[in-house]
Amino acid sequence: RGIWGVVIHSLARDERLYERNPHTLLVPASTMKLVSVAAATEAVGWDHTFETTMRAAGPVVNGVLQGDLVISGSGDPSVLGRSGDNSLAAWIGALRASGITRIDGRIVADDDALEEPKPGFAWSWEDMGYTYGAIPGALNISENMLEVIVSPARLEGQPAIVELPEYARDLPIANHIDTGPA
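Owing to the predicted nature of the structure, the values given are computational and were not obtained by experimental measurement.

A. Representation of the overall build of the protein within the structure. Regarding its fold elements, the protein presents two helices and ten strands. The linear arrangement of helices and strands in the protein, starting from the amino end, is β-β-α-β-β-β-β-α-β-β-β-β. For 182 residues, the compact-globule formula gives about 16 Å, and the C-alpha radius of gyration of the protein, at 23 Å, lies well above that figure. By principal-axis analysis of the C-alpha atoms, the protein measures approximately 70 × 55 × 25 Å. Residue burial in the protein is summarised as follows: out of 182 residues, 18% are buried. In the structure as shown, the protein presents an accessible area of about 14000 Å², 57% of it carried by carbon and sulfur atoms.

This is the structure:
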């Protein structure tokens, strides 16, 4: 029941060498990631690094930033990602090294370096619920995924137990889930 399509075109001779279903609209398979990696590597090289900056929008007096801290991203997908990168610890270390021990202001996330993220053209809404459906932007954390574990309470009628990762424990979660019968 599957359908596939391919077009092979010689750039040197500017001629089509082979085609199968060349006009059929298809959702790209995961192997399409290889083309994305090749294009990105050609554009920026294998040694490319992303830059995330932190700017103090006010003076630092006795270790206290009297104003906002603005964090600007450039698309780094690895902050607290599966690669084990602990960029937040590095950011905190950089703040402490610059003499900041407290912020009397807001922490502002600036993700304006990239166009507003949106799902791929042919994605279905069901894709959004999976890890591969997370939409990237200029400022990402944990690959823009959040693992939420929901477990039943010990007794019927009690609220279910909602667990978040350590870094997200302060997120405001409204739990409207009651435990049903076994």
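Having put the structure on the table, let's press on.
B. Structural context of helix 2 (residues 87–97). Turning to helix 2, its buried residues number three or more, namely Ser-87, Trp-91 and Leu-95. All buried residues of helix 2 lie within an arc of 80° about the axis, which places them on one face of the element. Away from the buried face of helix 2 by more than 90 degrees, exposed residues Arg-96 and Ala-97 are located. Immediately downstream of helix 2, the backbone of Gly-99 shows phi near 95°, a positive value.

C. Inspection of the sheet that holds strand 8 (residues 107–110) at higher detail. Strand order in this open sheet of three strands is 3-6-8, and the pairing throughout is mixed. If you trace the sheet from one side to the other, it starts and ends with strand 3 (53–57) and strand 8, each paired once. Between one strand axis and the next, the sheet turns by 25° as a mean value, whatever way the strands run. Of the strand pairs in this sheet, strand 3 and strand 6 (residues 68–72) are connected by five bridges, and their pairing is antiparallel. Counted as the bridge partner of Thr-53 is Ser-72 from strand 6.

D. Inspection of unusual backbone geometry at higher detail. You will see that Asn-21, though not glycine, has its phi angle at about 50°, which is positive. In this fold, Asn-21 is placed in the loop between strand 2 (15–20) and helix 1 (32–44). A relative accessible area of 30% places Asn-21 in the partly exposed class.

E. Structural context of the pairing of strand 1 (residues 6–10). In this sheet, strand 2 lies alongside strand 1 in antiparallel orientation, the contact comprising five bridges. When the bridges of strand 2 are listed, His-9 appears paired with Arg-16. Linkage of strand 1 to strand 2, two consecutive antiparallel strands, is achieved through a turn of four residues, within which Asp-14 is found at a positive phi near 50°.

F. The arrangement of the side chain of Asp-76 in detail. Relative to the helices and strands, Asp-76 is located in the loop between strand 6 and helix 2. For Asp-76, the side chain forms a polar contact with the side chain of Ser-78, separated by 2.6 Å. What Asp-76 contacts, discounting residues up to four positions off in sequence, is Phe-50, Thr-52, Ala-138 and Asn-140.

G. Quick look at the pattern of salt bridges. The final tally for this structure, using the stated rule, is five salt bridges. Residue Glu-15 is joined to Arg-13 by a salt bridge in which the shortest nitrogen-to-oxygen separation is 3.1 Å.

H. Spatial organisation of the side chain of Ser-142. When you line up the elements, Ser-142 lands in the loop between strand 8 and strand 9 (149–151). Excluding residues that lie within four positions of it along the chain, Ser-142 makes contacts with Val-79, Leu-80, Gly-81 and Tyr-167.

I. Structural context of a nonpolar patch on the surface. On the surface, a cluster of nonpolar side chains totalling about 660 Å² of accessible area is made up of Ile-141, Leu-146, Val-148, Val-150, Tyr-167, Leu-171, Ile-173 and Ile-177. On the secondary structure map, Tyr-167 appears in the segment after strand 10 (161–163).

J. Quick peek at the sheet that holds strand 7 (residues 102–103). One open sheet accounts for three strands, arranged 4-5-7; its pairing is mixed. At either margin of the open sheet sits one strand with a lone partner, and together these are strand 4 (60–61) and strand 7. Here strand 5 (residues 64–65) runs beside strand 7; their pairing, made up of two bridges, is parallel. Paired with Leu-65 across the bridge in strand 7 is Ile-103.

About the criteria used
Residues numbered from 1 in each chain as written. Predicted model: local features only at pLDDT ≥ 70, side-chain atom pairs only at ≥ 80, totals over all residues. Heavy atoms only, no water. Helix = DSSP H or I, 4+ residues; strand = E, 2+ residues; numbered from the N terminus. Rg over C-alpha atoms; globule rule 2.2 N^0.38 Å. Buried < 20%, exposed > 50% of the residue type's maximum accessible area, 1.4 Å probe, protein only. Areas by Shrake-Rupley, 256 points an atom, 1.4 Å probe, with all protein chains shown as cover. Arc of directions from axis to C-beta. Pairing = 2+ DSSP bridges. Axes fitted to C-alpha atoms, helices over the stretch in contact; angles between N-to-C directions. Polar contact = N/O pair within 3.5 Å; in protein donor to acceptor, adjacent residues only side chain to side chain. Contact = heavy atoms within 4.5 Å. Salt bridge = Lys/Arg side-chain N within 4 Å of Asp/Glu carboxyl O. Patch = residues over 30% accessible without salt bridge, like charges linked within 9 Å, V, L, I, M, F, W, Y side chains within 5 Å.

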